[in-house]
Amino acid sequence: MTRRVDLRSDTVTQPTQAMRDAMAVAVVGDDGYNEDPTIRALEDRFAALVGKEAAVFVPTGVMGNQIAVRILTNPGDLVIAGRGQHVVSFEMGAAARNSSIQFATVDDTSGALDLRDVLDIIDAEDDHQPHVAMVSIENTHMPSGGTPLDVADITALARAIGERPLHLDGARLFNAVVATGTSAAAYAAPATTVMTCLSKGLCAPAGSLLAGPAGLIERGRVERKRLGGAMRQAGFLAAAGLVALDEMVDRLAEDHARARILAGLFATAFPEVDYDPASCRTNIVAFNHPQARQLVEELAVLGVDGGTVGPRRARFVTHAGVSDDDVTFVAEVLARFKPTLR
Ligand SMILES: *Cc1c(COP(=O)(O)O)cnc(C)c1O
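Keep in mind that what you see is a predicted model, and the values were worked out from it rather than measured.

## Details of the overall build of the protein chain
Point 1. Of the regular secondary structure elements, the protein chain holds 14 helices and 12 strands.
Point 2. Computed over the C-alpha atoms, the radius of gyration of the protein chain is 20 Å, within 12% of the 20 Å expected from 2.2 N^0.38 for a compact globule of 342 residues.
Point 3. In the protein chain, which comprises 342 residues, the proportion classed as buried is 56%.
Point 4. The contacts of the protein chain with a sequence gap of at least 6 include a subset with a gap of at least 24, amounting to 75%.
Point 5. With the model as given, the accessible surface of the protein chain reaches about 14,400 Å², and the carbon-plus-sulfur share is 51%.
Point 6. Side chains of the protein chain carry 32 positive and 43 negative charges; the gap between the two charge centres is 4 Å.

See the structure below:
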């Protein structure tokens, strides 16, 4: 059998033995009655980590984002977000469906939003545009290649939008923390709500968290119920989540180091695409290629599984299931790779 290295996503990670052990002995209860001590412990742990009053455990990151939009907007409102953000482009239009909002998208090629673009949209409110209810940012920003945001930029954005709430989609917040040394609380401070995923680089089998002011998170629990996301003895999942937050954050540095090596290998293999490996600062290698889909298909035949962020953007993600040996294997594949691209 051909060897395979799975670089499709960090969501393919398996729970660790410590997680399996914690799950086996987790004390659980009916979270519908707020009686699952393990879920409550996880919610409290995350709220403390990001310096917020409260947090709510949700099945997925998408639901965390969707609840944030529900509690921060009214139907008909405008939400400013980067064009490539998950909440805009990767959630099946859920925000329009669930919250009847409209997105005003701005360029986010670099990961961050340009303050002037955001302010221009807010300025148009005086005319005949709907109310701008909130702004959403993503850290790390996936489509730009897992770019960690600069906390000073987030603070400046929060200040510029005044009373309007800021949502931080921090699905990979801890990758940003490890890459920059900025704490999760410092990153979250300018934001009203912050979401993170336990099931990506942190290796938990499922689960995400949304944190913010206590009153808002209470409303978030109602929206979670409405979306069908209130679970019962889900403390088994929360037990793995606690291990994820306690033991799996520092390890992300290994994913970043391997991604950086892969970035160099891809840059060398495809000099025509003008990809700067130094732009890879966390666990995602992403570069434009006119035939990204075919490139990914042809590499898969050779045992290197990747993905695309769009028809012309290839993506390769490192995670706990990718070893140094795997990186060497990818190097060998790329060294003899002759694309038959049409
Ligand atoms: C993965 C991801 C999500 C959604 O997480 P799921 O748990 O897959 O629903 C949201 N935002 C970003 C930036 C992501 O990468």
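Let us keep going from here.
## Considerations on the side chain of glutamine 66
Point 1. Tracing the sequence through the fold places glutamine 66 in helix α3 (residues 61-72).
Point 2. Here glutamate 91 takes part through its side chain, which lies 2.9 Å from a polar atom of the side chain of glutamine 66.
Point 3. Among residues more than four places away in sequence, those in contact with glutamine 66 are Val87, Glu91, Ala94, Ala95, Asn98, Ser99 and Leu227.

## Concerning empty space enclosed by the protein
If a probe the size of a water molecule is rolled over the atoms, the empty space left behind becomes visible.
Point 1. Per the stated rule, a full pass over the model turns up 1 cavity of 30 Å³ or more.
Point 2. Approximately 40 Å³ is the volume attributed to the largest cavity.
Point 3. In terms of lining, the largest cavity is formed by Ala171, Arg172, Phe174, Asn175, Thr196, Cys197, Lys200, Gly201, Leu202 and Leu252.
Point 4. Those elements that place two or more of their residues in the lining of the largest cavity are α8 (173-180) and β7 (193-197).
Point 5. Class assignment of the residues belonging to the lining of the largest cavity gives a composition of 5 nonpolar, 3 polar and 2 charged.

## Brief notes about the nonpolar core
Point 1. Core analysis: the largest hydrophobic core is formed by 51 residues, its most contacted members being Phe46, Ile80, Leu166, Phe174, Leu198 and Leu202.
Point 2. Looking at this core, the element that brings in the most residues is helix α11 (residues 235-247), giving 6 residues.
Point 3. Ignoring sequence-local partners within four residues, the contact set of leucine 202 consists of Met19, Phe174, Cys197, Ala244, Leu245, Met248, Val249 and Leu252.

## Overview of the pairing of strand β8 (residues 208-212)
Point 1. When you tally the buried positions in β8, you get 5 out of 5 residues, the bulk of the element.
Point 2. Every second residue of β8 is oriented toward a common face, with Ser208, Leu210 and Gly212 on one face and Leu209 and Ala211 on the other, all of them buried.
Point 3. The pairing of strand β2 (residues 54-58) with β8 spans 5 bridges and is classified as antiparallel. Residue pairing for β8: valine 56 is matched across the bridge by leucine 210.
Point 4. Here β7 runs beside β8; their pairing, made up of 4 bridges, is antiparallel. When the sheet's bridge partners are listed, cysteine 197 is paired in β8 with serine 208.

## A look at the site of the ligand
Point 1. Inspection of the region around the ligand gives 13 residues, with Gly61, Val62, Asp169, Arg172 and Lys200 positioned closest.
Point 2. One of the backbone N or O atoms of valine 62 is found 2.9 Å from an oxygen atom in the ligand.
Point 3. Every element with two or more residues in the shell around the ligand is listed here: α3 and β7.
Point 4. Across the shell around the ligand, the residue classes break down as 4 nonpolar, 4 polar and 5 charged.

## A few points about the sheet that holds strand β4 (residues 102-106)
Point 1. The 7 strands lie next to each other as β2-β8-β7-β6-β5-β3-β4, forming an open sheet whose pairing is mixed. Two strands close off the open sheet at either side, each with one partner strand: β2 and β4. Between one strand axis and the next, the sheet turns through 20 degrees on average, direction left out of account.

What counts and what doesn't
- Just so you know, the residues in each chain are numbered from 1, in the order the chain's sequence is written.
- Under the rules for a predicted model, residues below a pLDDT of 70 receive no local features and side-chain atom pairs below 80 are neither given nor counted, while totals for whole chains, interfaces and linings still include all residues.
- Derived side-chain values reflect all non-hydrogen atoms in the structure, with water molecules and hydrogen atoms excluded from consideration.
- Helix and strand assignments come from DSSP, with helices taken as H or I runs of at least 4 residues and strands as E runs of at least 2, each series counted from the N terminus.
- When we talk radius of gyration, it's over C-alpha atoms, and the globule rule is simply 2.2 Å times the number of residues to the 0.38.
- Burial classes follow relative accessibility: with a 1.4 Å probe on protein chains only, a residue under 20% of its type's maximum area counts as buried, one over 50% as exposed, and anything between as partly exposed.
- By definition in these notes, contact holds between two residues if any of their heavy atoms fall within 4.5 Å.
- Methods summary: accessible areas were calculated by the Shrake-Rupley approach with a probe of 1.4 Å, and residue burial reflects only the protein chains presented.
- Counted as positive: Lys and Arg. Counted as negative: Asp and Glu. His and the chain ends are not counted at all.
- By convention, the point assigned to a charge is CZ for Arg, NZ for Lys, CD for Glu and CG for Asp.
- Any pair of N or O atoms that falls within 3.5 Å is considered a polar contact. Within protein, one atom must be able to donate a hydrogen and the other to accept it, and sequence-neighbouring residues count only if both atoms are side-chain atoms.
- A pocket here means an open set of points on a 1 Å grid, computed over the protein atoms alone, that has protein on both sides within 12 Å along at least five of seven lines. A cavity is instead a set of points where a 1.4 Å probe fits but cannot get out; residues with an atom within 4 Å of a point line either one.
- Grid points are joined across faces, edges and corners, and a volume is the space filled by probe spheres set on the points.
- Only Asp, Glu, Lys and Arg are considered charged, only Ala, Val, Leu, Ile, Met, Phe, Trp, Tyr, Cys and Pro nonpolar, and every remaining residue, Gly among them, polar.
- The definition of a nonpolar core used throughout is a set of buried Ala, Val, Leu, Ile, Met, Phe, Trp, Tyr and Cys residues joined through side-chain atoms within 4.5 Å.
- Strand pairing is assigned whenever DSSP detects at least two bridges linking the two strands.
- When at least one non-hydrogen atom of a residue lies within 4 Å of a molecule or strand, that residue is treated as near it.
- To get an axis, fit a line to the C-alpha atoms, keeping to the stretch in contact for a helix; angles then go from 0 to 180 degrees between the N-to-C directions.

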